[in-house]
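Architecture and fold: a report
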Amino acid sequence: MIEKFFYLEGAYLILAGIILLVTLFVTTRPFMSPGAPKKGLLGVGLVLALFIGVHFWITTSRIAEVKAAFLAGKPVLCESRMLRKMAQSIEIRKGVAGWRIEGDDFISPQYTRPFHTARCIVK
């Protein structure tokens, strides 16, 4: 589960680290009050942790919803990174075009790249 967290939220964790560094820089300036770094880092850190946690919860909930819909035979729309100019999304359905699910990826022999379930929605 922790691997999935770092995979899905890695970019946001890096951005949060940069935001915390900026907060530390600003709150340690001479014009700030002596307790500003502690209060600033605590406040900004809590907000960032909340946002990242909620985003992870929403994403993992959507992954579970997409997997359940696929297994039930419902159509799923996934972002296509290969066909940016022709089609923005692709419809995936169980039993059509050899689609199967392995872990968190949709795989078909007709496509060279897998489609991650985090980038999909139920149609």
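Okay, so let's go over this structure. In this text, all values refer to a predicted model and were calculated from it rather than measured experimentally.

Reading guide: rules and limits
- Residues numbered from 1 in each chain as written.
- Predicted model: local features only at pLDDT ≥ 70, side-chain atom pairs only at ≥ 80, totals over all residues.
- Heavy atoms only, no water.
- Helix = DSSP H or I, 4+ residues; strand = E, 2+ residues; numbered from the N terminus.
- Rg over C-alpha atoms; globule rule 2.2 N^0.38 Å.
- Buried < 20%, exposed > 50% of the residue type's maximum accessible area, 1.4 Å probe, protein only.
- Contact = heavy atoms within 4.5 Å.
- Pairing = 2+ DSSP bridges.

Let us look at the overall build of the chain. In terms of helices and strands, the chain carries two helices and six strands. In sequence order, the secondary structure elements of the chain are arranged as α-α-β-β-β-β-β-β. Its C-alpha atoms give the chain a radius of gyration of 20 Å, more than 25% over the compact-globule value 14 Å for 123 residues. Along the longest, intermediate and shortest principal axes, the C-alpha atoms of the chain span 65 × 30 × 25 Å. Buried residues in the chain amount to 27% of all 123 residues. Within the chain, contacts between residues separated by at least 24 positions form 51% of all contacts whose residues are at least 6 apart in sequence.

A word on the sheet that holds strand 5 (residues 115-116). If you walk across this open sheet you meet the three strands as 3-4-5, and the pairing is antiparallel. A strand with exactly one partner marks an edge of an open sheet, and here the two such strands are strand 3 (100-102) and strand 5. One ladder, built from three bridges, connects strand 3 with strand 4 (residues 105-107); its direction is antiparallel. From the neighbouring strand, R100 faces strand 4, where its bridge partner is I107.

Turning our eyes to something else, we now look at the environment of E3. Secondary-structure assignment places E3 in helix 1 (residues 2-27). Overall, the relative accessible area of 67% leaves E3 in the exposed class. Sequence separation between E3 and I107 is 104 residues, and the spatial gap between their C-alpha atoms is 21 Å.

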